[in-house]
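Fold and contact review
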Amino acid sequence: MIHFMLDQPERRLRHYWILSGGAINMYNEYNEGVNPHRVYRTIPLGGIMVLTPYNGPPLHSSFPAHCFEIRTTSHMVYCVGENLDVYSAPPSKVPRHASGKSNSNAQMWFQALQQALRPPPSRNDSSSTEPALQFTELYQILGDKTLGSGQFGTVYAGVHRQSGREVAVKVIAKDRFSKKSPAGVDTLRSEVAILQSISHCGIIKLESMFETKDKIFVVMEKMNGDMLEMILSQVC
């Protein structure tokens, strides 16, 4: 994947990108292939503040325009891909720095990142892709890091985008909640309001709660350590 930094449009970089472990991993490419032990750079998904397509003019006269931008919490802007669709001339007229490929690869990456940055769907409704824009602007759920699950929802590891602070996010499907208790959602709202007003070293801090049409996101302090069952098994 070809990319460059916004403040260095003349310096085009080419790396092999892999999306795994809640991050974009860029690997150096060599004639013999990709060295999996030589990571050039890692961009945590939790550090991505904005992902936007780019439809403007080229930022450097010698290169094609890029396809999309990644803005991070560390104030870095990655300009990704090369939009070669604007060239109607034969390939020999395309700037020599161009990759020779269409921008379809960049478009696939843009769509994959959009999907990765969305909260996970509820277990009973895999078609639910409501992005919960306010939530995703503040937090990033690491969908491949499940901390636990219960009767009403699943708890994932997450990151506060601006500070990089780790959090725990409980994702609750409203339809599962209402089946057990019609007033369950209202009860949960009351519990959240009470817990937000409490500050005690023995109680997990509850930061905020977000609602979409079919899901509830409860953001909590992330505690590090063993699970309760393991602790009890050691002392009993």
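Thresholds, definitions, all that
- Along every chain, residues carry numbers that run from 1 in the direction the sequence is written.
- Selection of residues for local features in this predicted model requires a pLDDT of at least 70, selection of side-chain atom pairs for listing and counting requires 80 or more, and totals for whole chains, interfaces and linings are taken over all residues.
- To get the side-chain values, all heavy atoms of the structure are used, and hydrogens and water are removed first.
- Note on pairing: DSSP must find at least two bridges between two strands before they are called paired.
- Each helix is a run of DSSP H or I of at least 4 residues and each strand a run of E of at least 2, with the numbering of both proceeding from the N terminus.
- Working convention: axes come from line fits to C-alpha atoms, limited for helices to the stretch in contact. Angles between N-to-C directions cover 0 to 180 degrees.
- When the centres of two rings from Phe, Tyr and Trp lie within 6.5 Å, Trp using its six-membered ring, the rings pair. Their planes under 30 degrees apart give stacked, over 60 give edge-to-face, and anything left gives tilted.
- Only protein chains enter the accessibility calculation, which uses a 1.4 Å probe; a residue is then buried when its area is under 20% of its type maximum, exposed when over 50%, and partly exposed in between.
- The contact criterion used throughout is that any non-hydrogen atoms of two residues lie within 4.5 Å.
- In plain words, nonpolar cores are sets of buried Ala, Val, Leu, Ile, Met, Phe, Trp, Tyr and Cys residues tied together by side-chain atoms within 4.5 Å.
- One less than the number of residues in a helix, times 1.5 Å, gives the span that helix is expected to have.
- The directions from the helix axis to the C-beta atoms are what the arc is built from.
- Here, a salt bridge means any Lys or Arg side-chain nitrogen found within 4 Å of an Asp or Glu carboxyl oxygen.

**Regarding the sheet that holds strand S12 (residues 206-211)**
Spatial strand order, S9-S10-S11-S13-S12: 5 strands in an open sheet with antiparallel pairing. The open sheet has two edge strands with one neighbour each: strand S9 (139-149) and S12. When strand polarity is set aside, the average angle formed by the axes of neighbouring strands in this sheet is 30°. Both S12 and strand S13 (residues 215-221) contribute to a ladder of 5 bridges, which runs antiparallel. Paired with Leu206 across the bridge in S13 is Met220.

**As for the packing of aromatic side chains**
The geometry of an aromatic ring pair comes down to the distance between the two centres and the angle between the two planes. Summed over the entire model, instances satisfying the criterion amount to 6 aromatic pairs. With a centroid separation of 6.1 Å and an interplanar angle of 70°, the aromatic rings of Tyr139 and Phe210 are classed as edge-to-face. Remark: Phe210 occurs in strand S12 and Tyr139 occurs in strand S9; sequence separation between them is 71 residues. Look at Tyr139 and you get buried, because its relative accessible area is 6%. Each member of the aromatic cluster is reached from another via a ring pair, and the members are Phe135, Tyr139, Phe210 and Phe217.

**Examining the sheet that holds strand S8 (residues 77-80)**
Spatially, the 5 strands line up as an open sheet ordered S2-S1-S8-S7-S6, and their pairing is antiparallel. At either margin of the open sheet sits one strand with a lone partner, and together these are strand S2 (13-14) and strand S6 (48-53). By the bridge criterion, 2 bridges tie strand S1 (residues 2-5) to S2 in an arrangement that is antiparallel. The partner of Ile2 across the bridge, within S2, is Arg14. Strands S6 and strand S7 (68-72) of the sheet are contacted by helix H1 (residues 104-117), whose axis makes an angle of about 140° with S6.

**Quick word on the environment of Lys174**
Position of Lys174 among the secondary structure elements: in helix H3 (residues 174-180). With a relative accessible area of 18%, Lys174 lands in the buried category. Residues Lys174 and Ile216, 42 residues apart in the sequence, show an inter-C-alpha distance of 6.8 Å. Residues contacting Lys174, with those up to four places away along its chain left out, are Val185, Glu211, Thr212, Lys213, Asp214, Lys215 and Ile216.

**Considerations on the nonpolar core**
Counting 19 residues, the largest nonpolar core has Trp17, Ile24, Phe68, Ile70 and Leu113 as its most contacted members. Beyond its immediate sequence surroundings of up to four residues, Trp17 is in contact with Met1, His3, Ile24, Asn25, Met26, Ile70, Val80 and Trp109.

**Quick word on helix H4 (residues 184-196)**
Spanning 13 residues, H4 covers 18 Å between terminal C-alpha atoms, matching the ideal 18 Å at 1.5 Å per step. Among all positions of H4, only Gly184, Val185, Leu188 and Val192 are buried. The arc that holds the buried residues of H4, viewed along the axis, is 95°, so those residues lie on one side.

**What to know about the environment of Asp144**
Considering the arrangement of structural elements, one finds Asp144 in strand S9. Taking C-alpha positions, Asp144 is 7.0 Å from Gly22, a pair spaced 122 residues apart along the chain. Leaving out residues up to four positions away in the same chain, Asp144 has contacts with Gly21 and Gly22.

**Considering the pattern of salt bridges**
One pass over the full model with this rule turns up 5 salt bridges. Glu207 serves as the salt-bridge partner of Arg165, at 2.3 Å between the closest nitrogen and oxygen. Taken together, the residues span a long stretch of sequence, with Arg165 in the loop between strand S10 (153-160) and strand S11 (166-173) and Glu207 in strand S12 at a distance of 42 residues. Judged by its relative accessible area of 36%, Arg165 is partly exposed. On the basis of relative accessibility, which here comes to 22%, the residue Glu207 falls in the partly exposed class. For Arg189, the salt bridge identified is with Asp186, shortest N-O distance 2.5 Å. Here Arg189 and its partner Asp186 are both found in helix H4, 3 residues apart, which amounts to about one turn of the helix. Taken together, the shared-partner salt bridges connect Asp186, Arg189 and Glu211 into one network.

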